[in-house]
Amino acid sequence: MKTLSGIIKAPTPHWVGNGFPVRSLFSYHDQAARMSPFLLLDHAGPMRFPADGMKRGVGEHPHRGFETVTIVYQGEVEHRDSTGQGGVIGPGDVQWMTAGAGILHEEFHSSAFSRSGGDLQMVQLWVNLPRQDKMTRPGYQAITSADIPEVVLDNNAGTLRPIAGSFDGQPGPANTFSPMQIWDLKLNAGGQARFDLPEGWTTAVVILEGEVSVNGSDPVGDGNMALLSRRDTGVRLQAAQNSLVLLLSGEPINEPVVGHGPFVMNTRQEILQAFEDLQRGTFGSL
Ligand code: MN
């Protein structure tokens, strides 16, 4: 059984643009080595937005050197980027964007959602790229809810959707540059489940809704994250209420992390180069 190495408590929310009220569960600013290959996780909402047609979100901005994974639980997000791609991500959908050598994009509530109003809840996870792939060609994987298998857990414990990696012989649809498991779990009140995750990998259990005991801990509430040891393999979840959980597990990338805002590279020189390239227009345009 893995041991619990800490509970990361939900910090005060802040706004990303005018569309995403987020709590940052962790960030590469202070947790790069501990959370590798994951760089950052923002949990947005749940929050109810009015039916006023107002455009809410984040306008054009760049990224380089990593991937952004947007998982929508409620509401709808619309995206457009400098590779010419775009689309709407709705409940159950995932957008896996590889910024690689450089991308410009914008992220807004969809216009249909702005008109209808309603609840918005989503996660944006940043996943690091190994040094050899940081300057890979930008692109994205549009993963719809129907692309993700849903496995029913034993004893009516709930359901598990492997977004990346696999579960119970069912592969998740995302292609990744380094080995990882990203599981979207819905646990029923009283549900218990036990998993084995690779020894040596970073493993974290993010509680988005509800209350879950992790490897015998006191119940961990919504907006908090349980971080487990890299040693051993077992993870046991016990839901005190109906709960929404994101399980992250990945092989650490043991390389230096130097980040500045939207760029995450290996050296300070590469960050300066990113700013220079952005100014020279090599990121393209929207
Ligand atoms: Mn972005």
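Residues numbered from 1 in each chain as written. Predicted model: local features only at pLDDT ≥ 70, side-chain atom pairs only at ≥ 80, totals over all residues. Heavy atoms only, no water.

Engineer: Help me understand the overall build of the chain, please; the structure alone is not making it clear to me.
Structural biologist: Check the secondary structure of the chain and you find 3 helices and 26 strands. What you see for the chain is a C-alpha radius of gyration of 18 Å, in line with the 19 Å of a compact globule of 286 residues. Overall, the C-alpha framework of the chain stretches about 55 × 45 × 35 Å when taken along its three principal axes. A buried classification covers 56% of the 286 residues belonging to the chain. Within the chain, contacts between residues separated by at least 24 positions form 72% of all contacts whose residues are at least 6 apart in sequence. As presented, the chain carries roughly 11900 Å² of accessible surface, and 47% of it is formed by carbon and sulfur atoms. A gap of 4 Å separates the mean positions of the 21 positive and 30 negative side-chain charges of the chain. (Helix = DSSP H or I, 4+ residues; strand = E, 2+ residues; numbered from the N terminus. Rg over C-alpha atoms; globule rule 2.2 N^0.38 Å. Buried < 20%, exposed > 50% of the residue type's maximum accessible area, 1.4 Å probe, protein only. Contact = heavy atoms within 4.5 Å. Areas by Shrake-Rupley, 256 points an atom, 1.4 Å probe, with all protein chains shown as cover. Lys, Arg positive; Asp, Glu negative; His and termini not counted. Charge placed at Lys NZ, Arg CZ, Asp CG, Glu CD.)

Engineer: Sorry, what's going on with the sheet that holds strand E13 (residues 151–152) here?
Structural biologist: The strands making up a sheet associate through backbone hydrogen bonding, with each pair oriented either parallel or antiparallel. As summarised here, the arrangement of the 7 strands in space is E1-E22-E19-E24-E17-E14-E13, forming an open sheet in which the pairing is antiparallel. The open sheet terminates on both sides in strands that have one partner only, identified here as strand E1 (4–8) and E13. (Pairing = 2+ DSSP bridges.)

Engineer: In this structure, what is going on with unusual backbone geometry? I would like to understand it.
Structural biologist: Comment: phi is negative for the bulk of residues other than glycine, and the bulk of peptide bonds are trans. Here the bond from Ser36 into Pro37 is cis, since omega is 10 degrees, no more than 30 degrees from zero. Here Pro37 shows up in the loop between helix H1 (28–35) and strand E4 (38–49). Of note, the amide linkage connecting Gly45 to Pro46 takes the cis form, showing an omega dihedral of 0 degrees. In this fold, Pro46 is placed in strand E4.

Engineer: Before we go on, may I ask you to explain the sheet that holds strand E3 (residues 20–27) in this structure?
Structural biologist: The strand order across the open sheet built from 7 strands is E2-E3-E4-E11-E6-E9-E12, with neighbouring strands paired in antiparallel fashion. Of all strands in the sheet, those with a lone pairing partner are strand E2 (14–16) and strand E12 (139–143), marking the two edges. On average, each strand axis in the sheet is tilted by 25 degrees relative to the strand beside it, whichever way the strands run. Here strand E9 (residues 94–98) pairs with E12 via 5 bridges, running antiparallel. Paired with Trp96 across the strands is Gln141, a residue of E12. (Axes fitted to C-alpha atoms, helices over the stretch in contact; angles between N-to-C directions.)

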